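# Tertiary structure, described
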Amino acid sequence: MRQHLLHTPEGVRDIYNEECEKKLYLEDKLHHILKAYGYHPIQTPSFEFFEVFGKEIGSIKSKDLYKFFDREGNTLVLRPDITPSIARFAANYYKEDHMPARICYKGNTFIHAGSLEGRLKEYTQLGAELLGDDTADADAEILSMIVECLLGAGLKEFQLSIGHVGILQGMMEAAGLDEDEEEELRDLITNNNFFGVESFIESRHLERELEELFKMLGKIYQSAEDFWHVKKIAIKYPKVYEAMEHLEKLQSLFLLYGIDKYVSFELGVISSYKYYSGIIFHGYTFGSGEPIIKGGRYDKLLKHFGKDAPAIGFVIVIDQLMAALDRQKIDVPIEHKNQLVVYDDAHREDAIIYARKQRFAGCNIELMYQTPDKTSADYEAYAKRNQITRLQFMTLSAGQ
C-alpha cells in the first residue's frame, strides 16, 4: 500500500474517538434547541447543479468551488454554502405556501481555499432558516436562538456583531461610488483597515455628514442610545436612516428576549456573500480566529429560484465552536457507560444472552471473544483507552 493513501488530502481530516463523540453530542444538543423553537429538520444534497451557486447568486467565487461533471455533462459542485440550497429547496416545496416556515439542518460544506491559507476545506455547519417573515420579530427570534445555542454549548463569553446591508450600501450610493470603488472600500473594511477607509473617503471630498458616517464604520455600539448621534447625521440619507431605525427596533426586542448583553452593533459589518439584503451578523468568542456564527437576511434570494419571499437564517460552524470550547477549557459533558464482556468458547451463549438482555434494557455492551495471544491486561488496557466503565470476563480462567 502506498504510504500517502493513509493520509487525508490537505484541508480535510479524520475525527474519531472522544472528539467524534463530543461533536455528535454537541450537534444533538443544539438540534434540540432549534426544535424547541419550532424548527423542522430537513436535508439537502451535498452536491447541486453549478447554477445554484453561480455568480448571479452572490455566494462563493467559482474558483473556490469543487466542480465535477455527471454522465450527462452537467456541471455539479460540492455545496460551499447551504443557504442557496435552502432557497432552492423552499422554492420547490413551499412554492404555494404563504405562511412562515421554520426549518433547520446539519451538513458539511466544501470550499477550495488556497493551500497557503491553512484553513479546513470541509466544515460541518448546523443552522436554521425562518422563511416568509420579513419582520424585526423574525430577526430577533433568530438571534435569540443563536444566543441560546451558544449558552447551551457551554460558552459564557461571546459576542454577536450585528450590522445592516443598507447602511454601507446607502452610504456608497450617496457617495456615487462606481463598482471598482465599492469593491476597494469593501476590501478595506474586510481587512479592518479603517485608517485606509478614512483616507479613501477624504480623497473624494464628500458632504461633511456623509464623510462623518463613513468614519463611523469601524465603531461598535452597545445600545440604541448610542445610535442617536448616528441617526441624527443619517437623516439626510433615507436608506441609511431606515437601516438604523431597524437596528434600533431590534435592540428593544433584544431587551425582551434578555440577550442584549451578548449583542453589539457595528455599522461596518459586511460579508463576502452578496445575497444578503437586511441585517447581517457574525458571532465571535475567544479561541477561534474565525466567526463561529454567520448569518443574515436574504429577502431576494428565493425569488431567483421562483418564490418571492423574505428569509433570514444562520449557521453555527461546529468545527470552530469545538475549537473554541477546547481552547477555553470548556468540557463537552459526554457520558461514558459502555461495558466490555470478554468471553471464551465455553461461555459464548451466556455472553450473547447477557448482552442482548442488557442492550434491551438500554445498556451499551461490547462483546469480545478472548484469543490465546491476549492477556487480561491487554483487555484492561483496551477498556481504559476506549473509556469503558465496566469490564467483565466470562471465561473459564475467570471462574476458577
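Below: a short report on this structure. Computed from a predicted model, the values in this text were never measured in an experiment.

Turning to unusual backbone geometry, a few remarks are in order. Not every positive phi belongs to a glycine, and Asn17 is a case in point at roughly 50 degrees. By the element assignment, Asn17 lies in helix α1 (residues 17-36). Backbone geometry places His205, a non-glycine residue, at a positive phi of 50 degrees. Here His205 shows up in the loop between α6 (194-202) and α7 (208-214).

Before going further, it helps to spend a moment on the pairing of strand β7 (residues 158-164). Most of β7 is tucked away, with six of its seven residues classed as buried. Across seven bridges, β7 lies against strand β10 (residues 279-285) in antiparallel orientation. Each bridged residue has a counterpart across the sheet, and for Gln159 the counterpart in β10 is Tyr284. Summarising the sheet, β7 and strand β9 (residues 263-266) pair through three bridges and their orientation is parallel. Residue pairing across strands places Ser161 opposite Ser264, the latter belonging to β9.

Below, the discussion takes up the nonpolar core. Counting residues in hydrophobic clusters, the biggest one holds 75 residues, and the most contacted among them are Phe214, Phe281 and Leu321. Among the elements that line this core, the one with the most residues is helix α3 (residues 136-153), at eleven residues. In this structure Leu321 touches Leu26, Leu30, Leu150, Ala153, Leu155, Ile292 and Ile316, once residues within four positions along its chain are discounted.

Spatially, β2-β4-β3 is the arrangement adopted by the three strands of the open sheet, whose pairing is antiparallel. Strand pairing shows two members of the sheet lacking a second neighbour, β2 (47-49) and β3 (67-69), which therefore form its edges. The sheet shows a mean angle of 35 degrees between the axes of neighbouring strands, taken without regard to direction. Pairing analysis gives three bridges linking β2 to strand β4 (residues 75-78), with the strands arranged antiparallel. Bridge pairing in β4 places Phe49 opposite Leu76.

Conventions and cut-offs
- Residues numbered from 1 in each chain as written.
- Predicted model: local features only at pLDDT ≥ 70, side-chain atom pairs only at ≥ 80, totals over all residues.
- Heavy atoms only, no water.
- Helix = DSSP H or I, 4+ residues; strand = E, 2+ residues; numbered from the N terminus.
- Buried < 20%, exposed > 50% of the residue type's maximum accessible area, 1.4 Å probe, protein only.
- Pairing = 2+ DSSP bridges.
- Core = buried A, V, L, I, M, F, W, Y, C linked by side-chain atoms within 4.5 Å.
- Contact = heavy atoms within 4.5 Å.
- Axes fitted to C-alpha atoms, helices over the stretch in contact; angles between N-to-C directions.

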